[in-house]
Amino acid sequence: MKIFDTHAHYDDRAFLGEQEFLLRQMHREGIEYIVNIGCSMESSRVITELVKQYDFLYGTAGVHPEDAGTMTEEDLAELEELCKADKILAIGEIGLDYHYDEPPKEIQKKWFVCQLDLAKRVKLPVVIHSRDAAKDTLDIMKAEHAGQTNGVIHCFSYGVELAREYLDMGYYIGIGGVVTFKNGRKLKEVAEYTPLDRIVLETDAPYLAPVPFRGKRNCSLYLRYVAEEIAGIKGISTEEVCEATFENAKRLYNILD
Ligand code: NI
């Protein structure tokens, strides 16, 4: 059973010292591809080097809304270079996060729009992070990006209504460990609603490990539990979920083979 993890952070310090061992083990045990997602200038730089060490590892470059407070025009210019590096497949993760008060909303919006423009310019898909910012994210995506390039709404945390909006615009819905949580009812409904050919699997490792590992350090091997949960919700086999989401992920990131 081949599995594609479309969103992980193996450059995170949670994997310090174990990164190489873990990545190789996971690949041996069926994790066919992993996309390591950039979330700051620093991680975007690190990732362009990291992907050279593993043939099954790809990356993205982008600045997460939580890091947008210190972003500069020079950073944007550097991102434009970084995203042209080998095996960098998308711009992300970018978006809006109003969970905390910082950085100010206007700053987050500014750099979100700038990075969406960058994606359009370089013709790369986008990886969107949106938390507690449903309306502003949708407004910006509609105004700036609808149908322009491919993309995924990562760690989808809204309801069916919003899923429909993004599906109508052509985006994929990223589903991870939260779908296995007892209080994950909203995401279970989204998983049921979203056509199988528009779902991609993601860990967001080291975060959001599925049940029975909830609260522990996440890793791509646990995607099996996410696939099982989606299979149960949709009344199909786990193999079917893995196969379909694998092909979806290749389409999302334009991996041809
Ligand atoms: Ni992430």
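Scroll up for the structure.
First, a word on what this report is: a plain description of the structure on this page. (Residues numbered from 1 in each chain as written. Predicted model: local features only at pLDDT ≥ 70, side-chain atom pairs only at ≥ 80, totals over all residues. Heavy atoms only, no water.)

### Regarding the coordination of the nickel ion
- Every protein donor of the nickel ion is accounted for by His7 (NE2), His9 (NE2), Glu93 (OE) and Asp204 (OD), and the metal-donor separations fall at 2.1 to 2.3 Å.
- In this structure, the nickel ion is coordinated by four donor atoms arranged in irregular fashion, with angles at the metal of 87 to 175°.
- In the primary structure, the donors to the nickel ion are separated according to the pattern H-x1-H-x83-E-x110-D. One end of the pair, His7, is in strand β1 (residues 3-8); the other, Asp204, is in the loop between β8 (199-201) and α8 (223-234), with 197 residues separating them in the sequence. (Donors = N, O, S within 2.8 Å, 3.2 Å for Na, K, Ca; no water. Tetrahedral: all angles 85-135°; square planar, octahedral: opposite > 155°, others 65-115°. Helix = DSSP H or I, 4+ residues; strand = E, 2+ residues; numbered from the N terminus.)

### Observations concerning the environment of Glu239
- In this structure, Glu239 sits in helix α9 (residues 238-252).
- For the pair Glu239 and Ala227, spaced 12 residues apart in sequence, the C-alpha separation works out to 8.2 Å.

### Brief notes about unusual backbone geometry
- The linkage connecting Glu102 with the following residue, Pro103, adopts the cis geometry, with an omega of -15°.
- Of note, Pro103 is situated in the loop between β4 (88-97) and α4 (105-122).
- For the peptide bond that leads from Val211 to Pro212, omega is 15°, which places it in the cis range.
- Positionally, Pro212 belongs in the loop between β8 and α8.
- Despite not being glycine, Asn254 has its phi angle at roughly 55°, a positive value.
- Here Asn254 is to be found in the segment after α9.
- On the basis of relative accessibility, which here comes to 46%, the residue Asn254 falls in the partly exposed class. (Buried < 20%, exposed > 50% of the residue type's maximum accessible area, 1.4 Å probe, protein only.)

### Considerations on α8
- Here α8 spans 16 Å end to end across 12 residues, near enough to the 16 Å set by a 1.5 Å rise per residue.
- Residues Leu223, Val226, Ala227, Ile230 and Ala231 constitute the buried set of α8. In a view along the axis of α8, the buried residues occupy a sector of 135°, so they form one face of it.
- Two residues or fewer after α8 comes Gly235, characterised by a positive phi angle close to 70°. (Expected span 1.5 Å × (residues − 1). Arc of directions from axis to C-beta.)

### Thoughts on the pattern of salt bridges
- Counting across every chain of the model gives 18 salt bridges.
- The salt bridge involving Arg45 is made with Glu42; its shortest N-O contact spans 3.3 Å. Separated by three residues within a single helix, Arg45 and Glu42 lie in helix α2 (residues 41-50), roughly one turn from each other.
- Among the salt bridges present, the one from Glu81 reaches Lys84, with a minimum N-O distance of 3.8 Å.
- According to the relative accessible area criterion, Glu81 is exposed, its value standing at 51%.
- Judged by its relative accessible area of 52%, Lys84 is exposed.
- Among the ionic contacts, a cluster of salt bridges with common partners joins Glu42, Arg45 and Glu78. (Salt bridge = Lys/Arg side-chain N within 4 Å of Asp/Glu carboxyl O.)

### Topic: the side chain of Ser40
- Mapped onto the elements, Ser40 comes out in the loop between β2 (31-36) and α2.
- Apart from the residues within four sequence positions on either side, Ser40 is in contact with Gly62, Val63 and Asp67. (Contact = heavy atoms within 4.5 Å.)

### Focus on the packing of helix α3 (residues 73-82) against α4
- Packing of α3 against α4 leaves a shortest axis separation of 11 Å and a crossing angle of 25°. With respect to each other, α3 and α4 are oriented roughly parallel. Both α3 and α4 take part in a crossing whose hand is right-handed. Together, Glu73, Leu76, Leu79 and Glu80 of α3 and Lys110, Trp111, Cys114, Gln115, Leu118, Arg121 and Val122 of α4 make up the contact between the two elements.
- Tallied by class, residues from the contact of α3 with α4 come to six nonpolar, one polar and four charged. (Axes fitted to C-alpha atoms, helices over the stretch in contact; angles between N-to-C directions. Parallel < 35°, antiparallel > 145°, perpendicular 65-115°, else oblique. Left-handed = near helix turned anticlockwise from the far one by under 90°. Nonpolar A, V, L, I, M, F, W, Y, C, P; charged D, E, K, R; others polar.)

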